[in-house]
Amino acid sequence: MPAISASAPGKIILFGEHAVVYSRPAIAIPLMQLKATAFFLADPTAPLGNIKLTAADIGMQTNLNDLAEDHPFRVLFQLVQNHFQLDHFPAMSVKIRSEIPIAAGLGSGTAVSVALIHGLSLFLGAKLSAAQISALAFEVEKVYHGTPSGVDNTVITYEKPVFFMKDHLPEPIYVGNDCTFLIADTGIKSMTSSVVGEVRINWENNRKHYESIFDSIASITQEAKEMLISGDEKQIGELMNKNYHLLVQMGVSCDPLDHLVTVALHAGALGAKLSGAGKGGNIIALVQESSARDVRLALENAGATRVIQITLNKTESTKTAKKVIS
Ligand code: MEV
């Protein structure tokens, strides 16, 4: 049997992180230039159910059954096995490769899950819909961080910009104008699970305050959706700044993130904010095409370990967005 492979992109949250865990909306974009890929090869010489796993990026070379039962990879294979009602998987060797930085708020773990689930279904000769892949990946997300909102598995599976709210169908975002963003990495690793856990403790201790922050972020995210649709870059930038200040109030920023946000704004960005769980990872800045180079250079000089440029293209997103909920 020839090798089978499947890939999934990284992601970046444009609006609404953390608040989305508490049933407010978020807007997220796939990062198509960074991918995780899973390769599957049948191993007819090994006994049924024998699965060799190699993930060089995290120094893993093991047999699936040697991992703890609650390891996300073990849970993922079990979920797929249950879904297809299999007694055993055929013996196989699986290699995982990822270009997505780990613990940087760019969806590395989720992209690996989506690539594994999609690839496994292809390897079995079966087909899973995007909704089924996303739902299975969501179950694995719970192992990674207990109370995920579902935004990461959704944007990574559908590979389209989405307006997302828990228990609602994801809505496509129709961008009214090309929007260019720079994504700059502080180089500081931050675990989503621990920052989400800290926010939960603070929310439990001061619900009124946190609920009011989440409500303000929800209004910003709603407004941002309209501004993205109408293509009003100036307003989108201002809303990013407002969302950022609320994330600071929430206690999820840190000096290196604040520094990169300030540098981006001084260099001419229309708006900037931390993205993802915070306490490290990346910022996202909205820039005009004409100032993208200056902002990028300023971020690199300020110590960003990697700067990625993405453009949400007007016609492209309008053409493809309808597929999001199909
Ligand atoms: C992580 O990408 C975004 C958070 O809102 C967590 C979640 O939505 O599950 C911080």
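As the structure is a prediction and not an experimental result, all values here were calculated from the model.

## Quick look at the pattern of salt bridges
This structure, assessed with the given rule, holds 10 salt bridges. For the salt bridge of K234 with E238, the shortest nitrogen-to-oxygen distance reads 3.6 Å. Here E238 and K234 lie together in helix 7 (residues 233-250), a separation of 4 residues that amounts to about one turn. Taken together, the shared-partner salt bridges in this structure form one network comprising R24, E211 and D215.

## Here's the deal with the layout of surface pockets
Each pocket or cavity is described by its volume, and for the largest pocket that value is around 790 Å³. Mapped by element, the contributors of at least two residues to the lining of the largest pocket are strand 1 (4-15), helix 1 (72-83), strand 5 (92-98), helix 2 (108-123), helix 3 (130-145), helix 4 (151-158) and helix 5 (192-205). Inspection of the lining of the largest pocket shows a minimum of three residues originating in each of domain 1 (4-164) and domain 2 (175-312).

## Some thoughts on the domain arrangement of the chain
Each assigned domain of the chain is listed with its residue range as follows: domain 1 (4-164) and domain 2 (175-312). Look at where the C-alpha atoms of domain 1 and domain 2 centre, and you get two points 26 Å apart. Across the boundary between the two partners, domain 1 contributes 29 residues, which contact 45 residues of domain 2. Here domain 1 packs against domain 2, burying approximately 3000 Å² in sum over the two surfaces, 69% of which is carbon and sulfur. Among the residues domain 1 hides against domain 2, the three largest losses belong to F15, H18 and Y22. Together they make up 24% of the total. Applying the counting rule to domain 1 against domain 2 returns 3 salt bridges. The interface formed by domain 1 and domain 2 holds 12 residue pairs in polar contact (both at pLDDT 80 or more) in total.

Rules used throughout
- Residue positions are counted from 1 within each chain, in the order its sequence is given.
- Side-chain atom pairs in this predicted model are given and counted only at pLDDT of 80 or more, local residue features only at pLDDT of at least 70, and totals for whole chains, interfaces and linings cover all residues.
- Side-chain measures were taken over the full set of non-hydrogen atoms in the model, leaving aside hydrogen atoms and water.
- The salt bridge definition used is simple: a Lys or Arg side-chain nitrogen within 4 Å of an Asp or Glu carboxyl oxygen.
- Under the DSSP-based scheme used, a helix requires at least four consecutive residues in state H or I and a strand at least two consecutive residues in state E, with every element numbered from the N terminus.
- Grid points spaced at 1 Å over the protein atoms alone were grouped into cavities, where a 1.4 Å probe fits but cannot get out, and pockets, open sets with protein on both sides within 12 Å along at least five of seven lines, with lining residues defined by an atom within 4 Å of a point.
- Grid points are joined across faces, edges and corners, and a volume is the space filled by probe spheres set on the points.
- Throughout the structure description, domain borders are defined by an automatic or database domain assignment.
- The contact rule is simple, with two residues in contact once any of their heavy atoms fall within 4.5 Å.
- Two parts lose some accessible area (1.4 Å probe) when they are put together, and adding that loss for both gives the buried area.
- Under the rule applied, a polar contact is a pair of N or O atoms within 3.5 Å (in protein, one hydrogen donor and one hydrogen acceptor; residues adjacent in sequence only if both atoms are side-chain atoms).

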